[in-house]
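Here are the chains, one letter per residue:
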Amino acid sequence: MNSIFFPGLEIIKPKIHLDKRGSFFESFNQNIFKKKISQKISFCQENESFSKRGVIRGLHYQLPPFAQSKLVRVIYGKVLDVVVDIRKGSPSFGKCFSKELSSENKIQLFIPKGFAHGYITLSDFSIFSYKVDNYYNEKSERGILYNDSSLNIDWKLNKKEFILSEKDHYNPIFSKAEYFIFKND
């Protein structure tokens, strides 16, 4: 599915400058970002994770007032990035969107508040970066079970390769999750 069907979700493809030395691109430019994203976003924290092949991180989100918008990208390797719209009333409520992000394609994904987010590392390892517009708050942290059959997520690897944190094995299914209310800004 295309992100156009998921209000607020944006694929960002930076301009890459290649020459005999290698490549250069602006991984973040506030002016370009503001033109692409209609809402006002002020990032306050940047996170980075290292993961081995088969590691699934997610599906995670935080409840308001600690909800987070994210700008995600892969610094090294390749992942399948997955989001689930948990905004009740949204035209894409309960639907999943996935996109391969890699150090080669340099694609970034902007994920607004109201989406559960996760990814799986498809390469031998990945370095994953994400900017957020709100600080982590343990009490508002929530998750959705990565293999909920109602979501039908194709994680691209054999489930024998999956590596998850203990808590991600026990997240609730989508129908038992805590949702957001969709606001069409």
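It should be noted that the structure appears before, not after, this text.
The rules behind the values
Position numbers for residues count from 1 along each chain, tracking the sequence in the order it is written. Selection of residues for local features in this predicted model requires a pLDDT of at least 70, selection of side-chain atom pairs for listing and counting requires 80 or more, and totals for whole chains, interfaces and linings are taken over all residues. Remark: hydrogens and water are excluded; side-chain values derive from all non-hydrogen atoms of the structure. Each pair of strands is called paired provided DSSP finds at least two bridges between the two strands. A helix here means a DSSP run of H or I that spans at least four residues, while a strand means a run of E at least two residues long, and both kinds are numbered starting from the N terminus. To obtain each axis, a line is fitted to C-alpha atoms, and for helices this fit is confined to the stretch in contact; angles are then taken between N-to-C directions over 0 to 180 degrees. Take a side-chain nitrogen of Lys or Arg and a carboxyl oxygen of Asp or Glu: if they are within 4 Å of each other, that pair is a salt bridge. Burial here depends on accessible area, computed with a 1.4 Å probe over protein chains only, as a share of the maximum for the residue type. Under 20% is buried, over 50% is exposed, and the range in between is partly exposed. Any Phe, Tyr or Trp ring, taking Trp's six-membered ring, that has another such ring centre within 6.5 Å forms a pair; planes under 30 degrees apart are called stacked, those over 60 apart edge-to-face, and the others tilted.

Bringing the sheet that holds strand β10 (residues 108–111) into the picture now. Sheets are built from strands paired through backbone hydrogen bonds, the pairs being either parallel or antiparallel. Across the sheet, 5 strands lie side by side as β1-β10-β6-β12-β4; this open sheet has antiparallel pairing. Two strands close off the open sheet at either side, each with one partner strand: β1 (10–12) and β4 (45–52). With strand direction ignored, the average angle separating the axes of adjacent strands in the sheet is 25 degrees. Relative to β10, β1 runs antiparallel, the two sharing 3 bridges. If you follow E10 over to β10, its bridge partner there is F110.

Bringing the pattern of salt bridges into the picture now. Tallied over the entire structure, the rule returns 10 salt bridges. The partner of R87 in a salt bridge is D85, and the shortest N-O contact between them spans 2.9 Å. Take R87: its relative accessible area is 7%, and that puts it in the buried class. Residue E141 is joined to K167 by a salt bridge in which the shortest nitrogen-to-oxygen separation is 2.7 Å. Placement of the pair is E141 in strand β13 (residues 141–143) and K167 in the loop between β13 and β14 (180–181), with a sequence separation of 26 residues. Assessed through its relative accessible area of 45%, K167 is described here as partly exposed.

For the structure on display, the rule yields 14 aromatic pairs. Judged by centre distance (5.4 Å) and plane angle (55 degrees), the rings of F33 and F43 are tilted. Placement of the pair is F33 in helix α1 (residues 30–36) and F43 in the loop between α1 and β4, with a sequence separation of 10 residues. Note on F174 and Y179: the rings are 5.2 Å apart at their centroids and 45 degrees apart in plane angle, and the pair reads as tilted.

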